[in-house]
Amino acid sequence: MKNSLIAAALIATTGFAQAQSATYSVDPTHTFVTFEALHFGTSTIRGRFDRKEGTVQFDRAGKSGKAEISIDLGSVSTGVGPLDGHLKSKDFFDAATNTSAKFVSEKFGFNGDKVSEVAGTLTMMGKTVPVTLKASNFNCYQSPMLKREVCGGDFETTITRSQWGIVYGLPGIPDNIRLLIQIEAIRQ
Amino acid sequence: MTPRRRAWPAVLGFALSAAATGAGAQPATYRFDPSHSFVHFEVMHFGTSTLRGRFGPLEGFATLDLSAGRGGVSLRVPTRIVSTGLAVLDSRLRQADLLASDEHPQAFFVAERLVFDGQTLRELRGEFTLRGTSRPLSLRALRFSCGMHPVLGREWCGGDFAAELKRSDYGITFGLPLVADRVRLLIQVEAIRDQ
């Protein structure tokens, strides 16, 4: 059973190479942005954004793609209630005013038939800055539950938060923030 | 290696006695700061993307004698307080075939062997107990440092540690192999010295 699922996924992946550009809707249950911030040079604070939506257009044969993903800044979750509150305050996101962060890309890089990077811009706090996400994993499979093709992977980048004007706590909490992005998107 | 079962008080008692008999040196006790002590797990989903979740705050303490290069760590992971960002997944994880949070509300890590390279802490070697099954586990130090806490003005140590385990070793086999067996743990800990 398990082997046949894997075989089905492989066949689906191979067959997909002939397909034209298709639209994929971001699966919110397997799509998260996690950030990492070093705390006073000692330990890494991690947080996650729980609400997001977006679509990806992807043409594996033509090696092109587009993505538009929106993250609700008010959905930040660190496991520490007062820290979540502080992050949403004017010291950081001012989430009441800046409700979302938006990543837009029209440039997918490929290594063979796998997406290797996604270059675009990240807009938040009213500022738009170029950001390139590097893939550490990429794969497409036929979901046995959804009976549809799912493509996704892991991406990461390091941003400099002061570029968006977020300077609170520097340098004890450094300017460089690592972002780890899990994404899976379902073919429509 | 056959999994062993042990009750938490016995493990804790062992750690305390190990710390007490550690040497002539005076180890100091550092208690975990609940706002900076968490464990995140990472597991591969359908060979495609990394599913992440968080447990914590962790409860526990470390006994450290850095000059003598010894110490111990005892930490408890509340298995009910799992957070993936998906309430339905969190509930599923607490069920009997996964974390079994009703029967085993806590997982434990106890290390009585700290591996130093000069003054640098490299590894915590100990035993991890999950769902009542105990297995050896090493936490590799990605960074570790001690100093004066910039806000609290008290001695403080902290760092990041990483470990890998196979969930099937602890009897958690649901979803294999589509959700991978290998689970990576990333542990953030900061601890304040007892006054």
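Residues numbered from 1 in each chain as written. Chains lettered and ligands numbered in written order. Predicted model: local features only at pLDDT ≥ 70, side-chain atom pairs only at ≥ 80, totals over all residues.

What to know about the overall build of chain A
- Scanning chain A from N- to C-terminus turns up two helices and 11 strands.
- Long-range pairs, those at least 24 residues apart, make up 57% of the contacts in chain A with a sequence separation of at least 6. (Helix = DSSP H or I, 4+ residues; strand = E, 2+ residues; numbered from the N terminus. Contact = placed C-beta atoms within 7 Å.)

Quick look at the overall build of chain B
- Within chain B, the regular secondary structure consists of two helices and 11 strands.
- Out of the 195 residues belonging to chain B, those deemed buried represent 39%. (Buried ≥ 20, exposed ≤ 12 C-beta atoms within 10 Å, placed from the backbone.)

Focus on the confidence of the model for chain B
Residues and elements named next belong to chain B.
- When pLDDT is averaged across chain B, the result is 89; 87% of the residues are at 70 or more.
- Counting contacts from residues 1-23, a segment whose pLDDT is below 50, to residues more than four positions away or on other chains yields 31 contacts.
- The ipTM, which scores confidence in the relative placement of chains, is 0.87 for this predicted complex, and the corresponding pTM is 0.87. (pLDDT = per-residue confidence, 0-100.)

Overview of the environment of Arg70 of chain B
All names here are of chain B.
- Tracing the backbone through its elements, the reader meets Arg70 in strand S5 (residues 70-78).
- Classification of Arg70 by C-beta neighbours within 10 Å gives partly exposed; the count is 19.
- Each C-alpha atom of the pair Arg70 and Phe116 lies 8.1 Å from the other, and the pair is 46 residues apart in sequence.

What to know about the interface of chain B and chain A
- Each partner contributes to the interface: chain B provides 27 residues, whereas chain A provides 29 residues.
- Looking at the side of chain B that touches chain A, the elements that each hand over two or more residues are strand S2 (38-45), strand S3 (49-55), strand S10 (155-166) and strand S11 (179-193) of chain B.
- No other element matches S3 of chain B, which puts five residues into the side of chain B that touches chain A.
- For the side of chain B that touches chain A, the class distribution of residues is eight nonpolar, 15 polar and four charged. (Nonpolar A, V, L, I, M, F, W, Y, C, P; charged D, E, K, R; others polar.)

Describing the pairing of strand S2 (residues 32-39) of chain A
All names here are of chain A.
- The pairing of S2 with strand S11 (residues 176-187) spans five bridges and is antiparallel. Bridging from a neighbouring strand, Thr34 pairs with Leu180 of S11.
- In this structure, S2 lies alongside strand S3 (residues 43-49), joined through seven bridges in antiparallel fashion. Within S3, the position partnered with Val33 by the bridge is Phe49.
- In this structure, the hairpin formed by S2 and S3 is closed by a connection of three residues, where Phe40 is found at a positive phi of approximately 50 degrees. (Pairing = 2+ DSSP bridges.)

Some details on the environment of Cys146 of chain B
Residue and element names in this part refer to chain B.
- Of note, Cys146 is situated in strand S9 (residues 133-148).
- Cys146 sits in the partly exposed class, given 18 other C-beta atoms within 10 Å.
- Sequence separation of Cys146 and Glu190 is 44 residues, and the distance between their C-alpha atoms is 9.3 Å.
- The contact partners of Cys146, leaving out residues within four places of it in the chain, are Leu66, Glu155, Trp156 and Cys157.

A word on the nonpolar core
- In terms of nonpolar packing, the biggest core is built from 38 residues, with Val39, Leu58, Phe109 and Ala191 of chain B touching the most fellow members.
- Looking at this core, the element that brings in the most residues is strand S7 (residues 106-117) of chain B, giving six residues.
- Discounting chain neighbours no more than four positions away, the residues touching Phe109 of chain B are Leu75, Gly126, Phe128 and Leu137 of chain B.
- Formed by 35 residues, the second largest nonpolar core is a distinct cluster that contains Val33, Phe35, Ile69 and Ile181 of chain A. (Core = buried A, V, L, I, M, F, W, Y, C linked by C-beta atoms within 7 Å.)

Let's talk about the pairing of strand S4 (residues 52-59) of chain A
Residue and element names in this part refer to chain A.
- As paired elements, strand S1 (residues 22-26) and S4 share four bridges and run antiparallel to each other. What sits directly across from Thr23, in S4, is Gln57.
- Where S4 and strand S5 (residues 64-72) come together, eight bridges link them in antiparallel fashion. By the bridge assignment for S5, Thr55 is matched with Glu68.
- Joining the antiparallel neighbours S4 and S5 is a turn of four residues, in which Lys63 adopts a positive phi near 50 degrees.

Some details on unusual backbone geometry
- In this chain, Leu170 of chain A is followed by Pro171 of chain A through a cis amide linkage whose omega measures -5 degrees.
- Counting through the fold element by element, Pro171 of chain A comes out in the loop between strand S10 (148-160) and S11.
- Of note, the amide linkage connecting Gly56 of chain B to Pro57 of chain B takes the cis form, showing an omega dihedral of 10 degrees.
- For Pro57 of chain B, the location among the structural elements is in the loop between S3 and strand S4 (59-65).
- The backbone phi angle of Lys147 of chain A is positive, close to 55 degrees, even though this residue is not glycine.
- Relative to the assigned elements, Lys147 of chain A resides in the loop between strand S9 (127-143) and S10.
- Exposure remark for Lys147 of chain A: the 7 C-beta atoms within 10 Å place this residue in the exposed category.
- We note that Ala100 of chain B has phi near 50 degrees; this positive angle belongs to a residue other than glycine.
- Inspection of the secondary structure assignment puts Ala100 of chain B in the loop between helix H2 (87-94) and S7.
- The exposure class assigned to Ala100 of chain B is partly exposed, which follows from the 19 C-beta atoms found within 10 Å.

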